[in-house]
Structure formats: structure tokens, C-alpha cells
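Structural description and commentary
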Amino acid sequence: MAENVPADSWTHALDDLVALIDHPIPVPAHWIENGSREELDEARAVAVAWGWLMRAKRTAQAVLGLDRLGFGAETAPLVCSFVEHAARLVWAGRRERSEAVEILVGVHLDAGRGLSEEELELLGALQHDHLGQAVEPDGGSDLLRLFTRAQRESHPGTASASAYLEESADRHGWLLRLLPKEREPALDAHITALLLLAFEGYVRIAGLGGQFGSSIDALGGRMEKLVVGGRAPAAG
């Protein structure tokens, strides 16, 4: 029997996921000489998808790093950006390849946009996936709640102020806090799980299932065990 084997954790799972994403070093370039329009479009689609994956990965690292330093309440805009990029990769990766290429090639036509109704519906339905059932066993979408809460906290309003206020027991005054109230420790689980799904989306778009499919499945299995070992609380 193995001794002194460190217990798995969401931190370890994220580190291994980041290492898996960063595995093809240097980043594969797509040089096409005298290629057809179809080949050029596919190369651009993979390149844009890679850019979204890097934005999602690094933003996830920034969110969790700030959270560990006590700045979790201030990460709401970053959480929004992470979820939008990750969800769009998941969404694009589940289209037919020709449709996904058309979506990604057309990105240069706009200056960026938030999630569409279709993408929000996908985000709300991710609990029906195998991994999603583990992270969100009650059938509700904690990922969607995480996103909508982060949206509310990203703009001036009562939601963005509430972390630093506490109403007195007699409701006649307010306690003004220098530090925000503690938040529930759900970020590691939900962000790591969604980043894995985003990476899977990129792998589908890039046609790299043969290289990464088994590793993605193995990481998903580890995350399911982590959730079973300590249920991630709802995102609120």
C-alpha cells in the first residue's frame, strides 16, 4: 500500500489541468502557404480558439490567486470574463465543425460581445453533463448563478456594496467594513470544472481529441471524486 500519498485537491487538479493545456510548447503555429480559403479559415478558427483558451486559463488563475490573497470579493469582473470565454469555447466546440469555423472566423467582424441567450442556456444546462452532474448534483446550475452574481457585483449597486456593509440588529444603522465578508469556498471547484470543459471545447475545435481525450476524461474523473469527497457549496 502506498504511504504518504498527498490527498488530491482542487488546487492540484487545476495545476495538472494547466500543465495539460500548456503541454504543446512551443504553442503550435498554423502556417499555410498557398492554402485554400477553407484551410486558411480553419487555421484562423483554431488560432482564435487558442486565444480564448489562454484568456480563460490565465483569468482563472488570476481569480483564484486573488481569492487566496483575500481579494475574492473584488474578482467579479474577472469571473465574468472567465465564464464568458470558457462558455463560448464550450458552445463553439459543440457545433458542427464547419459551423464552429464560421463562428470563429467571423469574430473579427465584432468588437466582442457578451453571452447570447443560447450560450446562457448552455451554461445553465451544463449540469446535465457527466462532470456537471458531479459539480451540480441537485440539477440547478451553480455555474449560471456564479455568473449572474458576478455580473451584479461588477457594476455599482447594492450587490457590489453588500460585501462591505452589515446592517445593525435594530436596523437603525450600518457597520462599515474595511474587509469584505467571507465568501463560500466554491470558486475552486466551479472554475476548475468549467476550465476543463473549455479545454475540451478547444480540443474539439482543433481536432486534438486523439492527443488529449483520455487525459481530459481522467481529470474529469478526479474532479468527480473531489466533489463526492466534499460537496462544493452553491454559488449563491
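Residues numbered from 1 in each chain as written. Predicted model: local features only at pLDDT ≥ 70, side-chain atom pairs only at ≥ 80, totals over all residues. Heavy atoms only, no water.

Here we take up the overall build of the protein chain. Along the backbone of the protein chain there are ten helices and two strands. Counting only contacts in the protein chain whose residues sit at least 6 apart along the sequence, the fraction spanning at least 24 positions is 73%. In the structure as shown, the protein chain presents an accessible area of about 13,200 Å², 55% of it carried by carbon and sulfur atoms. (Helix = DSSP H or I, 4+ residues; strand = E, 2+ residues; numbered from the N terminus. Contact = heavy atoms within 4.5 Å. Areas by Shrake-Rupley, 256 points an atom, 1.4 Å probe, with all protein chains shown as cover.)

On to the confidence of the model for the protein chain. Residues shown with low pLDDT carry predicted positions that ought not to be read at fine detail. Taken over all residues, the pLDDT of the protein chain has a mean of 80, while the share at 70 or more is 79%. Helix 1 (residues 10-21) holds the highest mean pLDDT among the elements of the protein chain, 93, whereas helix 6 (residues 130-135) holds the lowest, 52. (pLDDT = per-residue confidence, 0-100.)

For the pair helix 1 and helix 10 (residues 209-229), the least separation of the axes is 10 Å and the interaxial angle reads 170°. When the interaxial angle is binned, helix 1 and helix 10 end up roughly antiparallel. On helix 10, the residues that touch Trp-10, His-12, Ala-13, Asp-16, Leu-17 and Leu-20 of helix 1 are Phe-212, Ser-215, Ile-216, Leu-219, Arg-222, Met-223, Leu-226 and Val-227. Looking at the contact of helix 1 with helix 10, its residues break down into ten nonpolar, two polar and two charged. (Axes fitted to C-alpha atoms, helices over the stretch in contact; angles between N-to-C directions. Parallel < 35°, antiparallel > 145°, perpendicular 65-115°, else oblique. Nonpolar A, V, L, I, M, F, W, Y, C, P; charged D, E, K, R; others polar.)

With the rule as written, the count across this model stands at two aromatic pairs. Ring centres 5.3 Å apart and planes at 75° place the aromatic pair Phe-199 and Phe-212 in the edge-to-face group. Note that Phe-199 is positioned in helix 9 (residues 187-206) and Phe-212 in helix 10, a separation of 13 residues in sequence. Exposure class is identical for Phe-199 and Phe-212. Each is buried. (Phe/Tyr/Trp six-rings, centres within 6.5 Å; stacked < 30°, edge-to-face > 60°. Buried < 20%, exposed > 50% of the residue type's maximum accessible area, 1.4 Å probe, protein only.)

Across all of its chains, the model carries nine salt bridges by this definition. Between Glu-200 and Arg-204 there is a salt bridge, and its shortest N-O distance comes to 3.8 Å. Remark: Arg-204 and Glu-200 occur in helix 9; sequence separation between them is four residues, near one turn of the helix. Taken together, the salt bridges that share partners define one network made up of Asp-8, Asp-16 and Arg-222. (Salt bridge = Lys/Arg side-chain N within 4 Å of Asp/Glu carboxyl O.)

The next thing to look at is helix 9. Taking 1.5 Å per residue as the helical rise, helix 9 with its 20 residues ought to reach 28 Å, and the 28 Å between its terminal C-alpha atoms agrees with that figure. The buried fraction of helix 9 amounts to 18 of the 20 residues, a majority that puts the element mostly inside the structure. In the stretch just after helix 9, Gly-207 is the one whose phi turns positive, near 70°. (Expected span 1.5 Å × (residues − 1).)

So, about the environment of Leu-78. On the secondary structure map, Leu-78 appears in helix 3 (residues 76-93). Note on Leu-78: relative accessible area 31%, which makes it partly exposed. Each C-alpha atom of the pair Leu-78 and Thr-59 lies 6.5 Å from the other, and the pair is 19 residues apart in sequence. Excluding residues within four positions of it along the chain, Leu-78 makes contact with Thr-59, Ala-62, Val-63 and Leu-66.

Here Arg-97 shows up in helix 4 (residues 97-105). Residues Arg-97 and Glu-42 lie 55 residues apart in sequence; the distance between their C-alpha atoms is 9.2 Å. When near neighbours in sequence (up to four residues on either side) are disregarded, Arg-97 contacts Glu-42, Val-46, Arg-204, Ile-205, Ala-206 and Gly-207.

For the rest of this paragraph, the subject is helix 7 (residues 142-153). Counted at 1.5 Å a residue, the expected span for helix 7 with its twelve residues is 16 Å, and the 16 Å between its end C-alpha atoms agrees. Among the residues of helix 7, those classed as buried are Asp-142, Leu-143, Leu-146, Phe-147, Arg-149 and Ala-150. The buried residues of helix 7 occupy an angular sector of 165° when the element is viewed end-on, so they sit on one face. (Arc of directions from axis to C-beta.)

Let us now look at a nonpolar patch on the surface. A cluster of nonpolar side chains, namely Leu-66, Leu-69, Phe-71 and Leu-78, defines an oily patch on the protein surface of about 360 Å² accessible area. The residue Leu-69 is located in the loop between helix 2 (37-68) and helix 3 in this model. (Patch = residues over 30% accessible without salt bridge, like charges linked within 9 Å, V, L, I, M, F, W, Y side chains within 5 Å.)

This part covers the packing of helix 2 against helix 3. Helix-helix packing: each pair is described by the crossing angle between the helix axes and the interaxial distance. One can describe the packing of helix 2 onto helix 3 by two numbers: an axis separation of 9 Å at closest approach and a directional angle of 145°. Here the hand of the crossing between helix 2 and helix 3 comes out left-handed. Residue-level inspection shows Ala-49, Trp-52, Leu-53, Arg-55, Ala-56, Thr-59, Ala-60, Ala-62, Val-63 and Leu-66 of helix 2 in contact with helix 3, the latter providing Leu-78, Val-79, Phe-82, His-85, Ala-86, Arg-88 and Leu-89. Taken together, the residues of the contact of helix 2 with helix 3 break down into 13 nonpolar, two polar and two charged. (Left-handed = near helix turned anticlockwise from the far one by under 90°.)

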